[in-house]
Amino acid sequence: YEGCAADIADFIDDTPPASDAVLRPDTLWAPNHKMRDITATVTAVDNCDTDPEVVLLSIDSNEPANAKGDGNFEPDVAGADFITEDYGFQLRAERQGGKPGRVYTVTYGTADDSGNMAEESATVTVPSNQKKK
């Protein structure tokens, strides 16, 4: 990692890590209220740190956990261990009827040894139907 040698006293690493997150599956069908296993693959690279830290920051939904037309099941997220290197959890395959579908947004944070941080998000959808767009 050129320019990052310890003998360069005036080098300042101010470049955050670059990361990419992929969730599998990224679509949950059928919306049968069952919990489904999700696996995340997060790759992170940095200009100086050969092993940037990756942690699960949050899992959010564009729909409330329990709302009219979704079957009244809770919780919608299970097995997630936030602020750790967690790549496996469960999401509920449900969405509100009459709406365009649920979108879960899963956000990971990466940090390098110099304290630079970045976030990367990926989504899992529970569509309203199986029609192709």
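Residues numbered from 1 in each chain as written. Predicted model: local features only at pLDDT ≥ 70, side-chain atom pairs only at ≥ 80, totals over all residues. Heavy atoms only, no water.

## Observations concerning the packing of aromatic side chains
Then comes step 1: The final tally for this structure, using the stated rule, is one aromatic pair.
Then comes step 2: Ring centres 5.9 Å apart and planes at 20° place the aromatic pair Y87 and Y108 in the stacked group. Within this pair, whereas Y87 is found in the loop between β4 (77-78) and β5 (88-92), its partner Y108 is found in strand β6 (residues 101-111), the two being separated by 21 residues in sequence. (Phe/Tyr/Trp six-rings, centres within 6.5 Å; stacked < 30°, edge-to-face > 60°. Helix = DSSP H or I, 4+ residues; strand = E, 2+ residues; numbered from the N terminus.)

## Description of the nonpolar core
Then comes step 1: One finds L23, F89, L91 and Y108 to be the most contacted residues of the largest nonpolar core, which totals 18 residues.
Then comes step 2: When residues of this core are traced back to their parent elements, those giving at least two are β1 (18-24), β2 (35-45), β3 (53-61), β5, β6 and β7 (117-127).
Then comes step 3: Setting aside its immediate chain neighbours within four residues, L91 contacts L28, K34, M35, R36, I38, I59, D76, V77, Y104 and V124. (Core = buried A, V, L, I, M, F, W, Y, C linked by side-chain atoms within 4.5 Å. Buried < 20%, exposed > 50% of the residue type's maximum accessible area, 1.4 Å probe, protein only. Contact = heavy atoms within 4.5 Å.)

## Quick word on a negative patch on the surface
Then comes step 1: Together, D51, E53, E85 and D113 give the surface a local cluster of negative charge.
Then comes step 2: The class for E53 is exposed, based on a relative accessible area of 52%. (Patch = residues over 30% accessible without salt bridge, like charges linked within 9 Å, V, L, I, M, F, W, Y side chains within 5 Å. Areas by Shrake-Rupley, 256 points an atom, 1.4 Å probe, with all protein chains shown as cover. Salt bridge = Lys/Arg side-chain N within 4 Å of Asp/Glu carboxyl O. Lys, Arg positive; Asp, Glu negative; His and termini not counted. Charge placed at Lys NZ, Arg CZ, Asp CG, Glu CD.)

## Quick word on the environment of V77
Then comes step 1: Tracing the chain through its elements places V77 in strand β4.
Then comes step 2: V77 sits in the partly exposed class, given a relative accessible area of 26%.
Then comes step 3: Taking C-alpha positions, V77 is 8.1 Å from M35, a pair spaced 42 residues apart along the chain.
Then comes step 4: Apart from residues lying up to four places away in sequence, V77 is in contact with M35, I59, Q90 and L91.

## Some words on the sheet that holds β1
Then comes step 1: With antiparallel pairing, the four strands of this open sheet are ordered in space as β1-β2-β5-β4. Only two strands of the sheet have a single partner each, and these edge strands are β1 and β4.
Then comes step 2: One ladder, built from seven bridges, connects β1 with β2; its direction is antiparallel. Note on β2: the bridge partner recorded for V22 is T41. (Pairing = 2+ DSSP bridges.)

## So, the pattern of salt bridges
Where charged atoms from two side chains of opposite charge approach closely, those side chains can pair.
Then comes step 1: A complete count under the given rule lists five salt bridges for this structure.
Then comes step 2: One salt bridge in this structure joins R102 and E63, with 3.1 Å as the shortest N-O distance. Here R102, found in strand β6, pairs with E63, found in the loop between β3 and β4; they are 39 residues apart in sequence, far enough to count as distant. The two residues R102 and E63 agree in class, both being buried.
Then comes step 3: It is possible to trace a salt-bridge network through shared partners that takes in E63, D76, R92, E94 and R102.

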